[in-house]
Structures are given as C-alpha cells and as structure tokens.
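One letter stands for each residue in the lines below.
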Amino acid sequence: MADEDEVRLTGQVKDKLVRSKEAWAREGRLLTGSTADPLAKRLPPGQRLVQDFPVLDLGVQPDVNPANWRLRVEGLVMAPLRLTLEEFMALPQSERVNDIHCVTQWSRYDNHWQGVPVQALLAMARPKDEARFVALTSYDGYTTNLAMDDFARDENLFAHSWAGAKLERQHGGPVRLVVPHLYFWKSPKWVTRIELLREDRPGFWEVRGYHNRGDPWMEERYG
Ligand SMILES: Nc1nc2c(c(=O)[nH]1)N[C@H]1C(S)=C(S)[C@@H](COP(=O)(O)O)O[C@H]1N2
Ligand SMILES: [Mo]
C-alpha cells in the first residue's frame, strides 16, 4: 500500500453481526413477498420510516487524514483519476434530495446531499465502451458492486455534506457515494476507489447472501 493509503481504523469488525445477517439472508427474513411501483408508493414494501439517521457499518470507522485522502477512478477508463480532497472539492458541485432505504427495514425521507455527481466524474475519466460494471472500495475494506447503468444515474452523488453540514465520519465522511434507487448497502461510506470492469465483481454483502442489485421496490433483499 502506498503511504497515502494508510488510514487509522478504530473499532472492531462485528463478526457476530455479519454472521447473523448472513443467516437472515439464508432464511429470507424481513421479506414481505410484495413489490411496489416507486411512482405509486413512496415507501418500499416491508420498510418503516425513521426520523433519525441510523449508523450502520462493519464496526470499523476509518479516520482518514484529509491530506492523505484520495479518490481513484481506474480500470476501463481513458483517463484514470487520482483526486486529492482539495481537487475533489474544487469540482463543480451539485445538490440532491432523496429518500434512502436500508435493507434492515428503515427508510429516511428527504435527505439533502451536496457533492459531485457521478456523471461529472465519469465525464472526466471517460469510460471505455467495454466498461459494464463498477467495483467500489472503501477505507474500511468494504466493497460493493454496481452495473454501469445503476452507477451512472443522474441522481447519484459523491457526497461530502448532508443536511447542510459536512458529512460526519460515522456516515462516511469525508466522502461517500449515494445511490438512492437501491438499498443503502450499495452506497459505500469512506469510498476511495472506483474500478470500471468488463465483468461483475460482487462485493462484501453480495457474496454473503444479499441480492446482487438490491432494488427496494422489487424487495431484492437477498440473492
Ligand atoms: N464503507 C462502508 N460503507 C457502507 C457500509 C459499511 O459497512 N462500510 N455499510 C452499508 C450499509 S449496510 C448501510 S445501510 C449504509 C449505512 O449508512 P449510514 O451509516 O450513513 O446510515 O452504509 C452502507 N455503506
Ligand atoms: Mo444496511
């Protein structure tokens, strides 16, 4: 690992929590067996609305020194990127307001995010024609995967702020991805590496029984 990739991790990976979620996936827990049209129904099946903002992760929260933080766009791109936080913050900024849906059944409406649209970063990196999938890696070692079509949507943002304030470390600061049309495990906190691929590469939860795509309205909790 290069020097600038070194980060301090605090906490411990919650092995028991990971194992119980794998068991839930095997048993199909929380499934209601119904689906819904997002236009007809704002709250996806089996979800309940919360007002607070729960914190969910593997138990390890990386403390990234802003001077060492990097966002890398690599793989099947014409122009690989390796941005410092200063360079990232200097890119054209956008805002989005959206609802988020965690597979553990909580949903939270009207989250206001500020950051850099995925489409803006892709326009800089210029994906090659063969790029069909994306593998995302975070500073806590977490990984997740998306199809290009799900990644390149206009609403998706690399967010550095939430509700008008700097994104707290517990929610993925300095920068997390927000992909609101899929369950929230597809929105990596502390994201650092975006790799464009020809073939799909399932991530942390996807290899532990979660659905490969995770559409909340189709109730794609488990695969
Ligand atoms: N790096 C990283 N990103 C992650 C996770 C994680 O463990 N590590 N957990 C995912 C899950 S399961 C959810 S529900 C959301 C939770 O985000 P929050 O803690 O801001 O609510 O982050 C997602 N992104
Ligand atoms: Mo989650």
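We now turn to the structure provided with this report. Every value quoted in this text rests on a predicted model; they were computed, and no experiment measured them.

Procedures and definitions
- Residues numbered from 1 in each chain as written.
- Chains lettered and ligands numbered in written order.
- Predicted model: local features only at pLDDT ≥ 70, side-chain atom pairs only at ≥ 80, totals over all residues.
- Heavy atoms only, no water.
- Near = heavy atom within 4 Å.
- Polar contact = N/O pair within 3.5 Å; in protein donor to acceptor, adjacent residues only side chain to side chain.
- Areas by Shrake-Rupley, 256 points an atom, 1.4 Å probe, with all protein chains shown as cover.
- Nonpolar A, V, L, I, M, F, W, Y, C, P; charged D, E, K, R; others polar.
- Pairing = 2+ DSSP bridges.
- Helix = DSSP H or I, 4+ residues; strand = E, 2+ residues; numbered from the N terminus.
- Axes fitted to C-alpha atoms, helices over the stretch in contact; angles between N-to-C directions.
- Core = buried A, V, L, I, M, F, W, Y, C linked by side-chain atoms within 4.5 Å.
- Buried < 20%, exposed > 50% of the residue type's maximum accessible area, 1.4 Å probe, protein only.
- Expected span 1.5 Å × (residues − 1).
- Contact = heavy atoms within 4.5 Å.
- Arc of directions from axis to C-beta.

Description of the site of ligand 1
Residues in close proximity to ligand 1 total 20 residues, the closest being P54, D140, H171, R176 and K189. Contacts to ligand 1 include S138, whose side-chain N or O atom sits 3.3 Å from a nitrogen atom. In the model, an oxygen atom of ligand 1 is placed 2.6 Å from a nitrogen or oxygen of the K189 side chain. If ligand 1 stood free it would expose 520 Å²; the protein chains cover 99% of that surface. Of the residues assigned to the shell around ligand 1, the class counts are twelve nonpolar, four polar and four charged.

Concerning the sheet that holds strand 8 (residues 133-138)
Taken in spatial order, the five strands make up an open sheet running 5-4-13-8-9, and their pairing is mixed. Taken across any chain shown, the strands that pair with only one partner, and hence form the sheet edges, are strand 5 (81-84) and strand 9 (143-147). With direction set aside, neighbouring strand axes in the sheet form an average angle of 15 degrees.

Points about the nonpolar core
Grouped together as the largest cluster of nonpolar side chains are 32 residues, with contacts concentrated most on L71, F88, L121, F151, F158, I194 and L196. Only strand 4 (70-75), strand 5, helix 2 (85-89), helix 3 (118-125), strand 8, helix 4 (148-151) and strand 13 (191-197) provide two or more residues apiece to this core. Sort the elements by how many residues they give to this core and helix 3 lands first, with four residues.

Observations concerning unusual backbone geometry
The residue after G173, namely P174, is reached through a cis peptide bond having omega 15 degrees. Summarising the element assignment, P174 is placed in the loop between strand 11 (165-166) and strand 12 (176-178). Although it is not a glycine, R126 sits at a positive phi angle of roughly 55 degrees. Relative to the assigned elements, R126 resides in the loop between helix 3 and strand 8. Within the chain, W190 stands out as a residue other than glycine whose phi angle is a positive 50 degrees. In this fold, W190 is placed in the loop between strand 12 and strand 13.

A closer look at helix 1 (residues 15-27)
The end-to-end C-alpha distance of helix 1 is 19 Å, a good match for the 18 Å that 13 residues give at a rise of 1.5 Å each. Those residues of helix 1 that fall on the buried side of the exposure criterion are V18, K21, A23 and A25. Of the residues flanking the end of helix 1, it is G28, one or two places downstream, whose phi is positive at about 70 degrees.

A closer look at the side chain of T144
Within the secondary structure, T144 sits in strand 9. A polar atom in the side chain of T144 sits 2.7 Å from the side chain of E206. Excluding its chain neighbours within four sequence positions, the residues that come into contact with T144 are V134, A135, L136, W185, K186, P188, G203 and E206.

Section: helix 3
Of all the residues in helix 3, the buried ones are V118, L121, L122 and A125. With its buried residues spanning 100 degrees around the axis, helix 3 presents them on a single face. In the segment just after helix 3, R126 is the residue with positive phi, at about 55 degrees.

What about the pairing of strand 8?
Burial within strand 8 is extensive, with five of its six residues counted as buried. Both strand 8 and strand 9 contribute to a ladder of five bridges, which runs antiparallel. Across the sheet, residue V134 finds its bridge partner in strand 9, namely L146. If you look at the hairpin formed by strand 8 and strand 9, you'll find four residues sitting between the two strands, and G141 has a positive phi there, around 90 degrees.

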